[in-house]
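# Architecture and fold: a report
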Amino acid sequence: MPPPRISHASLRGRALRKTETSPIDRIGCAGPVPSPRSPLMSSLPSPASGLVVLDAAAVRAGLVPHRLIPALRDAMIALSEGRVRQNLRSFIGLGEGRTFALMPAAFTDEGLFGAKLVSVFADGTGRKAHEGVVVLFDGQTGAPICIADAGEITAVRTAAASAVATDALARPDARSLSILGLGRQAAEHIAAIARVRPLESVRVWGRDPGRAEAFAARMGAFTGLAVSAVASPRAAAEDADILCTVTAAVDPILEGAWVAPGAHVNVVGSSGPSAAEIDTDLVARSRFIVDHAEHVRVHGGEFLRARATGRIGADHIAAEIGAVLAGTVAGRTRADDITVYKSLGHAVQDIAAAGLLHAASRVAD
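Residues numbered from 1 in each chain as written. Predicted model: local features only at pLDDT ≥ 70, side-chain atom pairs only at ≥ 80, totals over all residues. Heavy atoms only, no water.

### Section: the packing of aromatic side chains
Evaluation of the coordinates by the stated rule reveals 2 aromatic pairs. With centroids separated by 6.1 Å and ring planes inclined at 20 degrees, the aromatic side chains of phenylalanine 288 and phenylalanine 303 adopt a geometry described as stacked. Taken as a pair, phenylalanine 288 in strand 14 (residues 287-290) and phenylalanine 303 in helix 10 (residues 301-309) lie far apart in primary sequence, 15 residues in all. The pair formed by phenylalanine 288 and phenylalanine 303 is uniform in burial state, with each residue classed as buried. (Phe/Tyr/Trp six-rings, centres within 6.5 Å; stacked < 30°, edge-to-face > 60°. Helix = DSSP H or I, 4+ residues; strand = E, 2+ residues; numbered from the N terminus. Buried < 20%, exposed > 50% of the residue type's maximum accessible area, 1.4 Å probe, protein only.)

### Focus on the pattern of salt bridges
In total, this model carries 15 salt bridges according to the counting rule given. Between arginine 184 and glutamate 188 there is a salt bridge; the shortest N-O distance is 2.7 Å. Linking arginine 184 with glutamate 188, this pair stays in helix 5 (residues 184-193), spanning 4 residues, or about one helical turn. Given the relative accessible area of 34%, arginine 184 is considered partly exposed. Judged by its relative accessible area of 0%, glutamate 188 is buried. A network of salt bridges, in which partner residues are shared, links Arg60, Glu152, Arg184 and Glu188. (Salt bridge = Lys/Arg side-chain N within 4 Å of Asp/Glu carboxyl O.)

### Remarks on the sheet that holds strand 15 (residues 317-320)
Ordered in space as 11-10-9-12-13-16-14-15, the 8 strands form an open sheet in which the pairing is parallel. Strands at the two margins of the open sheet, each flanked by one partner only, are strand 11 (227-229) and strand 15. The sheet shows a mean angle of 20 degrees between the axes of neighbouring strands, direction not considered. When strand 13 (residues 264-267) meets strand 16 (residues 339-342), the two strands line up parallel, connected through 4 bridges. Note on strand 16: the bridge partner recorded for asparagine 266 is tyrosine 341. Against the sheet, helix 4 (residues 150-169) contacts strand 12 (242-245), strand 13, strand 14 and strand 16, and its axis sits at roughly 160 degrees relative to strand 13. Along the sheet face, helix 5 touches strand 9 (176-180), strand 10 (201-205), strand 12 and strand 13 and points at about 165 degrees away from the line of strand 9. (Pairing = 2+ DSSP bridges. Axes fitted to C-alpha atoms, helices over the stretch in contact; angles between N-to-C directions. Contact = heavy atoms within 4.5 Å.)

### Here's the deal with helix 5
Counting buried residues in helix 5 gives 9 out of 10 residues, a clear majority hidden from the surface. Of the positions making up helix 5, those classed as buried are Gln185, Ala186, Ala187, Glu188, His189, Ile190, Ala191, Ala192 and Ile193.

### Quick word on unusual backbone geometry
Residues other than glycine seldom take positive phi values, yet aspartate 239 does so here, at roughly 60 degrees. With respect to the helices and strands, aspartate 239 occurs in the loop between helix 7 (233-237) and strand 12. With a relative accessible area of 57%, aspartate 239 lands in the exposed category.

### Things to note about the pairing of strand 13
Side chains of strand 13 alternate between two faces, with His264 and Asn266 and Val265 and Val267 buried alike. Two elements, strand 12 and strand 13, share 4 bridges in a ladder whose sense is parallel. When the bridges of strand 13 are listed, cysteine 244 appears paired with asparagine 266.

### Here we look at the pairing of strand 4 (residues 90-93)
As judged from the 4 bridges shared by strand 4 and strand 5 (residues 98-107), these two strands associate in the antiparallel manner. Within strand 5, the position partnered with glycine 93 by the bridge is threonine 99. Between strand 4 and strand 5, which pair antiparallel in sequence order, lie 4 residues; one of them, glycine 95, sits at a positive phi of approximately 120 degrees.

### Digging into the nonpolar core
Formed by 46 residues in total, the largest nonpolar core has its most connected members in Leu54, Leu63, Leu68, Phe107, Ile153 and Ile321. Membership of the second largest hydrophobic core comes to 29 residues, among which are Ala236, Ala240, Val265 and Leu344. (Core = buried A, V, L, I, M, F, W, Y, C linked by side-chain atoms within 4.5 Å.)

### Considerations on the confidence of the model for the protein chain
Summary statistics for the protein chain give a mean pLDDT of 86 and a share of 84% for residues scoring 70 or more. In this model, residues 1-22 is a region of pLDDT below 50 whose contacts with residues beyond four sequence positions or in other chains number 47 contacts. In this model residues 24-48 is a low-confidence stretch, pLDDT under 50, and it forms 67 contacts with partners more than four residues away in sequence or in other chains. (pLDDT = per-residue confidence, 0-100.)

### Notes on the environment of glycine 181
Its location among the elements puts glycine 181 in the loop between strand 9 and helix 5. The class for glycine 181 is buried, based on a relative accessible area of 6%. Placed 66 residues apart in sequence, glycine 181 and threonine 247 show a C-alpha to C-alpha distance of 4.9 Å. Contacts of glycine 181, omitting those with residues within four sequence positions, involve Ala186, Trp205, Val246 and Thr247.

### Topic: the environment of leucine 356
Take leucine 356: it is sitting in helix 12 (residues 347-364). Note on leucine 356: relative accessible area 9%, which makes it buried. In this structure the C-alpha to C-alpha distance between leucine 356 and valine 64, which are 292 residues apart in sequence, comes to 9.5 Å.

### Re the environment of isoleucine 242
Structurally, the position occupied by isoleucine 242 is in strand 12. Isoleucine 242 gets classed as buried once you look at its relative accessible area, which sits at 0%. When the C-alpha atoms of isoleucine 242 and serine 176 are compared, they prove to be 6.3 Å apart, with 66 residues separating the residues in sequence. Those residues in contact with isoleucine 242 that sit more than four places away from it in its chain are Thr166, Ala170, Ala174, Ser176, Leu177, Ser178, Ile193, Arg197, His264 and Asn266.

As structure tokens, then:
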């Protein structure tokens with residue numbers, strides 16, 4: 001079925017609404033990864049009159065993995081090859097734990113540009129909520145053609161981007177996953193990583209043991225996977241093939257000494273220069289792959305802390321993930337490499353997702 005669509009000439013009187021659902025409903029846990037060079041990004045239809053406005057439910061229905069994953073592959077390759085114009089994100093502080101951010105990007109080949117406008121508000125318990133919109137413009141007319149719920153796009157595309165990186169960097173025989181964190185991204189990452197590796201076990205850790213147990217039970221029921229809660233980050237890391245940090249931690253929760261040779265780590269939760277989820281030892285020991293080098297050198301808290309200690313230099317970034325996907329730089333070079341993918345999240349991913357949604361809404365017409 002095509003995704004639900006709402007078309008309006010303006011946003012007046014229309015509130016973007018949130019609804020809760022299992023990430024499994026749209027990401028699933030089986031099936032091959034699509035080919036890395038999808039035609040979707042280059043075959044978007046020309047805009048018609050009217051503005052497409054998509055709420056969270058429509059975004060969730062429209063971002064199906066067999067289209068989203070290859071679109072994100074293409075987007076990250078385009079970013080690394082210089083076929084995207086993207087400025088550093090800008091922030092306006094609104095008080096303790098509250099930030100307004102603007103993230104613009106333009107595809108030079110596809111004729112699409114736009115921006116994500118998002119507020120990030122901490123709720124006082126260590127969790128953060130993203131609220132906002134992604135606005136997509138047509139490159140020929142300059143007209144806005146789609147406005148979509150940014151919170152839902154961010155939730156889905158972040159985990160899908162980690163799945164893309166995991167497929168490129170994790171060992172082919174990786175079977176165990178550990179998740180540090182219990183929020184929305186933890187659930188999304190379990191579902192997304194299960195699409196690129198046949199997981200046999202999943203371990204989860206969170207600061208609240210009761211919540212961790214409940215989360216493990218819920219995700220086990222949703223996925224059919226063997227999901228268990230563990231008492232510490234160290235227990236989560238022990239012999240894990242794939243690890244994902246998806247927390248709001250300010251200081252490291254994962255130490256390099258705990259990570260086994262050959263593991264792959266997605267570092268996702270920290271998105272600013274003052275926070276770090278993994279310690280300097282893990283950064284220094286790893287083959288350090290990033291989503292976008294320019295941004296990580298300015299906003300990558302783990303990288304900046306490691307540089308400040310003198311353990312690494314500016315050249316410690318081995319590659320951008322786009323270069324690895326394009327085959328111009330090796331990702332994993334040895335079976336015992338510890339690979340780290342530092343994910344900050346980028347407007348190019350949001351615009352790629354919004355482009356897919358707009359294309360789907362046009363087909364539905």
